[in-house]
Amino acid sequence: MSIPFADLAIILPELLIVGVACLILVLDPVTPTGKKDYLAWISLGVLAVCALITMEDFGETTVAFSGLVVMDSYAAFWKMLLYLVSGMTILLSMSYLKEEKIELAEYYAFVLLALVGMMVMVSGADLLTIYLGIELMSITLYIMAGLKRYEARSIEASAKYFVLGAFSSGILLYGISLLFGVTGSTRLSEISTVVNGPASEDPLMLLALMLIIVGFGFKVAAVPFHMWTPDVYEGAPTSVTAFMAVASKAASFAAFLRVLLEAFGGVKPNWNLIILAICLITVALGNLVAIVQTNVKRMLAYSSIAHAGYALVGVVVAGWVGVEADVSSRGVSSLMLYLAIYSFMTIGAFAMIAILRKGGLEGEEIEDFTGLAKRHKGGAFLMLVFMISLAGIPPTAGFIGKFYLFMAAVNADLAWLAIFGLVFAAISAFYYLRIVMVMYMREPSAEQEKNTRLVLSPQVSVVLACAVAGVVLLGIFPGPLVSIADLSVLPIK
Amino acid sequence: MTEMVVATGGMPWLTLILILPLLGVVATLLAQESLSRQIALATSLITFVASLPLWFAFDNVTAGMQFVEKHQWIDSPSIHYALGVDGISMPLVLLTTFLAPLCILVSWTAIDMRRKEFMISLLVLETATIGVFVALDFVLFYIFWETMLIPMYLLIGVWGGPNRVYAAIKFFLYTLAGSILLLVAIMVLYFEGGRTFDILALTHASYSPSLQALLFWAFFAAFAVKVPMFPFHTWLPDAHVQAPTAGSVILASVLLKLGTYGFLRFSLPMLPDATVSFTPIIMTLSVIAIIYGAYMALAQSDIKKLIAYSSVSHMGFVTLGIFALNAQGIEGAVLQMINHGITTGGLFMCVGIIYERTHSREIAENGGLANAMPRYATFLVIFALSSVGLPGMNSFVGEFLVLLGVFAWDKLTASLAALGIILSAVYILYLVQRIVYGPASPKMLPKLTDLSAREFGMLVPLVVLVFWIGLYPKPLLDVMHSSVERVIASQSVSVIVQKEGSPTEHVLVMTESISDSLSQRATEATP
C-alpha cells in the first residue's frame, strides 16, 4: 500500500521535526561539550519553519491517512501554542542545562520528539493515533524527568512518572479496546455514529467511556488522578517541569476535548456530570493543598492542578445539555484561550525559579525568594506579575482567561459554578501573594543576601520578556486571541 | 440610552487624567531614586490641573454623562473603553486628583526606603481609583476596581507598621472575596440586560424582582466590604493602623467612597425594586455602624485606630443617606462622601505628622501639643471640629441633609443616627482634650517641633475646602443635583408601583420642591 503524497504534506511539520530530532541525535556525539548550543538554535529554526507551515492550515479541514489524522483550525491553534511553548522551553533550557551540569544535546531531541507526540495528539482523529501520540510524548517525558541522573529526587520523579503514566496509558488503552469491541471502530467519527445509535445505552460503552476519562484525567492531572504531579514536578529539572506543566497539559486537554466532543458528543449526559464532579474537586483540592506548600515547584504543581480544574469548567460548559450550540462553542473557545494564557504565566513563573540560584543550587523554596525585591527589582516585579496573573487579578491575562471561562459558565446557566471557581480563585490569591509577600515585605538574611541571586542569560531574558508580554498584552488586548480561539473551535454536535 | 449621553467634543480629558499618572510612573522608573518624589509630585499636580476642566466645563443642568469617550475594546463579548462623569462621580474624581499630591507631600520624608516603588504604587493607585469613578462599562469598572488592590496591598505591606503583612493580606483577601459575587453579577446582568456591559444601557433594562434580589446581595457583598458596613468592617482598623500615612489618607478618603459610589451607581438605579424592599436592612446596618463605630472609637488608645473607627461611623451616615432614597438624603450622602474625604484625610495627615516626630500614636504619649506645636494644634482642632459637624464647616451641611432625608423616611432611625453625632462629639473632643490640651510628656517634648512649610502647605488646601463647603456648599450641590434627581427618578417608578400610599410616596411628591429649597436653606443657614 502506497502512501499518497498529499497525506504526507498534511503531516509535513511532524516529519520535519522528527527529521531534525534525528539529525540532532546524529550530530550530538561529534559535538564537543560546551559547543552544543547550535543544536538548540537548529531546533528553534525548525519550530519557526513549522509555525509558518501550520499558519497556512488555519481555516481548512483536511482528513489524511483515511481518517487517522485530521488537520483543522482546532489542531492548528494547539500546534501553534505548542511550538511557542517548546521554543520557550528550549530557550529556557540553554543556560539552565549548563548551570545544572546536564548539558546533553539529546535534551533538544527529546523536546522535539515530545512535541511531535503532542502534535499527533491534537490532530488525531482516531483513538489509536491519539494513543500513539500520547505514548510518544509520555515516554520522552519520563526520560526527561530523570535527566538529573546524579540526583535521587529526579530519578524518583522519573520512576514514579513512568509507573503511574504507564498505568494510566494502560487504562486508556483498555478503554479504547472495549470501545472497539462495542463499536467496531477506533475512528472518532465512526464511534460517534454507533454511540449515538444502537450503543447509546450499552453498559460496556459506558465502562469504556469511564476508562477513557480516567486515562485522560491522569494526563491532565485532574483530581483524583493527580497523585504523581507534585513529586514529578518537584523532582524533574525545572525546564522540563515547565514543559510538562504547560505543553503536555495543553495537548492532553486538546485530545481529551476532541474525543469527548467528536466521539461522545451525542451522549453528553453520560459524561458531563462526571466531568463536573472532577472539575469541582480538582479546583478545590488543588488550591487548598497549594496553600500549605513550602517548595515553589510543589506549590506550582498544585496550582497547575487547580488550573486544570478551571480549564475543565470549559469542558463542562461544552458538554452541558440543553444549551445552544454557540454556548457550547464558547466553552471550547474559553478553554483554548485559558490554556494559552496559562502557558505564558506558568512558563514565566518556572523560568523565574530556574534562574534563581542559591550558591550552585536552584532556589526553589519559597524562603529563597525572601527580599528579592531589594536586590533584583525587575525580577521581583516580573514574578509579581506572574503571580497576580495566576491568581486571576486584572489587568493581567489571568483575569481575562477566568473572565471568559466563567462568562461561558454563566451563559450555560451555571452561575453557581462561576461563583465556586471564583471563591477558590480568591483563596488561591493567598498562596500566590505569599511569594509576593516574601519578595517585597521580608528582610533577607545576610546569607540569603550573599548567595541567592538571579542568574540571567540573554536566552532566558527573551523567555521572560515573551512571557510577561503575553501576560500583560493579553490582559489589555485579548481581542485578537479571543477571535482566533472563537474561529478554531471544534464543530459542536 | 443615547439621549442620556452628552458628548463633549475635543479633548479626551478623562483619558488624559487616567494616562498622566501612568506617564509619571514611566518617568519615575527612568529617573534616579532621589528625584522620584519630585517627579511624582509634579505628575500628580499636572493631573490635578488636567482634572480642573471637569469642574469648570461641567454642565449642571443635564443629568447625563459628560466628557464621554467610547471606543470598542473587545469585540466578543462587546466590551467598551467607555468613560464619562456625571454630577456624582465628577466631585469624587476631583477629590482623588486633589488628594494625590497631598499624599505625596505627606510621604516626603516619612518614606525613606524604596521611595521609587512607593511613588509608583501611589500613582498606579491614583489611575485605578479614577478609573473606577469614570468607567461606563461594567467590565472596565471591574478591572479598575480590582487593579486597585495590588498597589494598595503593596503600600500597606511594604511601607506599613509592624503588623503590616497581616493587615495587607487581610485587606486584600477581604476585598477580593467581596468582589467575587460582583463579577458573577456583572456576567448575569450581561445576559439578562440585553447582552451589553454598557452601564447606562444596563441601568435602563428592567429585571424581575427575584433576580433583582439576588443581584442586590451580590452587589452588596462587594460594596459593603469596601464601605465598610457593619459587620464587614473588621479589615479597616487593621489596614488603617498599619498603613503608612499616605495609604491611610487614600484609603479613608477615596477607597471607602468606591463602595458607596457603587451603591449609588449600580444598586439604586439598576435594582430599584430590590433596593426598596431591602432598605430597612441596610438602614439598620447603617445605624448599627454609626453607633458601634462611634462607641469603638471612644474606647481606642491609638489615635489612628480611633479615626479608623470614626470612619466606620461616618460612612454609616453616607449609606444611611443613600438608602433614604430621597433627594436630601442622597445629596447629603454624596456631599458627606466628599466631606469625609477632606476631613478624615486631614486628620490622618495630622496623625502622620505627629507620628513622624514622636514615633508613637498612643494618645497617652502625645499630650500638650497646643503649647509645643501651636500651629499644628490649630489645624488638628479645625479638622476635629469639622469631623464633629460644627456649623460653618463642611460636615455639618452633609450630616444635616442626610438627617433631613432620613427623617422623611423614618423618625426613629433618624433619632438614633443623631445619637451618633453626639457620640462623635464625645470621642473627638475627648481626643482633642487629651492630645492638644493635656500636659506634654517630658520625654516627647524635645521632639515636638511645629509644622514645616511643607506640612503647612499641605494642610491649608484642606482647611480651605472645609470652610468653603461649610459656608457655601451651593456650587457643589448644584453640580450633583441633576444626577441625584435621576437616581431618584429611577427609584420613583418602582416605589409608586410597589408601595402605593406609603409615606415614601409622599416624600416623592415633595422631592422636587423640597430638595431645591433645602439646598438653599442649608446654604443660607450657615454663613
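Everything numeric here is computed off the predicted structure, so don't read it as measured data.

A. Examining the overall build of chain A more closely. A count of helical and extended segments in chain A gives 21 helices and 5 strands. Radius of gyration (C-alpha) of chain A: 22 Å, near the 23 Å computed for a compact globule of 493 residues. Here the C-alpha coordinates of chain A stretch approximately 70 × 55 × 40 Å along the principal axes. Per-residue burial over chain A gives 62% buried out of 493 residues. Within chain A, contacts between residues at least 6 apart in sequence are counted, and of these 79% link residues at least 24 apart.

B. Examining the overall build of chain B more closely. In terms of regular secondary structure, chain B is built from 21 helices and 2 strands. Here the C-alpha atoms of chain B give a radius of gyration of 22 Å, agreeing with the 24 Å that 2.2 N^0.38 yields for 527 residues. Considered along the principal axes of its C-alpha atoms, chain B spans approximately 70 × 55 × 40 Å. A buried classification covers 62% of the 527 residues belonging to chain B. Look at the contacts in chain B between residues 6 or more apart in sequence, and 80% of them connect residues 24 or more apart.

C. Representation of the domain arrangement of chain A within the structure. Residues and elements named next belong to chain A. The assigned domain composition of chain A is domain 1 (1–259) and domain 2 (271–493). Taken residue by residue, the interface counts 37 residues in domain 1 and 48 residues in domain 2. Here the side of domain 1 that touches domain 2 takes 13 residues from helix H4 (residues 73–99), the largest share from any one element. Its residues assigned to classes, the side of domain 1 that touches domain 2 comprises 25 nonpolar, 8 polar and 4 charged.

D. Spotlight on the interface of chain A and chain B. Counting from both sides, the interface comprises 25 residues of chain A and, opposite them, 26 residues of chain B. Of all the secondary-structure elements, those providing two or more residues to the side of chain A that touches chain B are helix H17 (397–411), helix H18 (415–441) and helix H21 (479–487) of chain A. Ranked by the residues each element gives to the side of chain A that touches chain B, the list is headed by H18(A), at 12 residues. Of the residues in the side of chain A that touches chain B, the class split is 21 nonpolar, 3 polar and 1 charged.

E. Expanded view of the pairing of strand E1 (residues 66–74) of chain B. All names here are of chain B. Of the pairings in the sheet, the one linking E1 to strand E2 (residues 79–85) comprises 6 bridges and is antiparallel in character. Directly across from His71, in E2, lies its bridge partner Tyr81. The hairpin formed by E1 and E2 contains 4 residues between the paired strands.

F. Highlighting the sheet that holds strand E4 (residues 361–362) of chain A. Residue and element names in this part refer to chain A. With antiparallel pairing, the 3 strands of this open sheet are ordered in space as E4-E3-E5. Among the strands making up the open sheet, the edge pair consists of E4 and strand E5 (452–454). Bridge count between strand E3 (residues 356–358) and E5: 3 bridges; the pairing is antiparallel. Residue pairing across strands places Leu356 opposite Leu454, the latter belonging to E5.

G. Spatial organisation of the packing of helix H5 (residues 138–147) of chain B against helix H7 (residues 164–192) of chain B. All names here are of chain B. Remark: H5 packs on H7, axes separated minimally by 10 Å, with the N-to-C direction vectors making an angle of 170°. As the angle between them shows, H5 and H7 are arranged roughly antiparallel. Of the residues in H7, those touching H5 at Phe138, Val139, Tyr142, Trp145 and Glu146 are Ser179, Leu182, Leu183, Ile186 and Leu189. Looking at the contact of H5 with H7, its residues break down into 8 nonpolar, 1 polar and 1 charged.

H. Broad picture of the environment of Glu399(B). Checked against the element boundaries, Glu399(B) lands in helix H17 (residues 394–409). Put simply, Glu399(B) and Ala418(B) are 19 residues apart on the chain and 9.0 Å apart in space, counted from C-alpha to C-alpha.

I. Representation of the packing of helix H14 (residues 327–358) of chain B against helix H16 (residues 374–388) of chain B within the structure. Residue and element names in this part refer to chain B. In contact at an axis separation of 9 Å, H14 and H16 are set at 145° when each is read in the N-to-C sense. Every pair of crossing elements has a handedness; the one defined by H14 and H16 is left-handed. For the pair H14 and H16, contact is made by Thr343, Gly346, Leu347, Cys350 and Ile353 and by Tyr376, Phe379, Leu380, Phe383, Ser386 and Ser387, respectively. Each residue belonging to the contact of H14 with H16 can be placed in one class, and the counts come to 7 nonpolar, 4 polar and no charged.

J. Just helix H2 (residues 36–56) of chain B, in detail. With 21 residues, H2(B) should cover 30 Å at 1.5 Å per step; its first-to-last C-alpha distance of 31 Å lies within 8% of that length. Here H2(B) has its buried residues at Ser36(B), Arg37(B), Ile39(B), Ala40(B), Leu41(B), Thr43(B), Ser44(B), Thr47(B), Ser51(B) and Leu54(B).

K. Highlighting the nonpolar core. If you look at the biggest cluster of nonpolar residues, it comprises 415 residues, and the most contacted ones within it are Leu82(A), Ala251(A), Ala351(A), Met387(A), Ala409(A) and Val184(B). Sorting elements by how many residues they give to this core places H18(A) first, with 20 residues. The contact partners of Ala251(A), leaving out residues within four places of it in the chain, are Trp78(A), Leu82(A), Met118(A), Met121(A), Val122(A) and Met137(A).

L. Inspection of helix H7 (residues 152–183) of chain A at higher detail. With 32 residues, H7(A) ought to run about 46 Å at 1.5 Å a step, and its terminal C-alpha atoms sit 46 Å apart, in line with that. Phi for Gly184(A), located one or two positions after H7(A), is positive at around 75°.

M. Quick peek at the environment of Ala159(A). Residues and elements named next belong to chain A. With respect to the helices and strands, the residue Ala159 is situated in helix H7. The class for Ala159 is partly exposed, based on 16 C-beta atoms found within 10 Å. Note: C-alpha distance between Ala159 and Arg357 (198 residues apart in sequence) is 26 Å.

N. View of the environment of Ser154(A). Residue and element names in this part refer to chain A. Position of Ser154 relative to the elements: it lies in helix H7. Sequence spacing of Ser154 and Asp231 is 77 residues, and the spatial spacing of their C-alpha atoms is 9.2 Å. Discounting residues that sit within four places of it in the chain, Ser154 has contacts with Ala145, Gly146, Leu147, Lys148, Gly235, Ala236 and Pro237.

O. Representation of the confidence of the model for chain B within the structure. All names here are of chain B. The predicted model of chain B averages 86 in pLDDT, with 91% of residues at 70 or higher. With pLDDT under 50 throughout, residues 1–6 is counted as low confidence; its partners more than four residues away or in other chains account for 15 contacts. Counting interchain partners and residues more than four positions distant, the pLDDT-below-50 stretch residues 494–519 has 31 contacts. Across the interfaces of the predicted complex, the ipTM metric reaches 0.92, alongside a pTM of 0.91.

Rules used in this analysis
Residues numbered from 1 in each chain as written. Chains lettered and ligands numbered in written order. Predicted model: local features only at pLDDT ≥ 70, side-chain atom pairs only at ≥ 80, totals over all residues. Helix = DSSP H or I, 4+ residues; strand = E, 2+ residues; numbered from the N terminus. Rg over C-alpha atoms; globule rule 2.2 N^0.38 Å. Buried ≥ 20, exposed ≤ 12 C-beta atoms within 10 Å, placed from the backbone. Contact = placed C-beta atoms within 7 Å. Domains from an automatic or database assignment. Nonpolar A, V, L, I, M, F, W, Y, C, P; charged D, E, K, R; others polar. Pairing = 2+ DSSP bridges. Axes fitted to C-alpha atoms, helices over the stretch in contact; angles between N-to-C directions. Parallel < 35°, antiparallel > 145°, perpendicular 65-115°, else oblique. Left-handed = near helix turned anticlockwise from the far one by under 90°. Expected span 1.5 Å × (residues − 1). Core = buried A, V, L, I, M, F, W, Y, C linked by C-beta atoms within 7 Å. pLDDT = per-residue confidence, 0-100.

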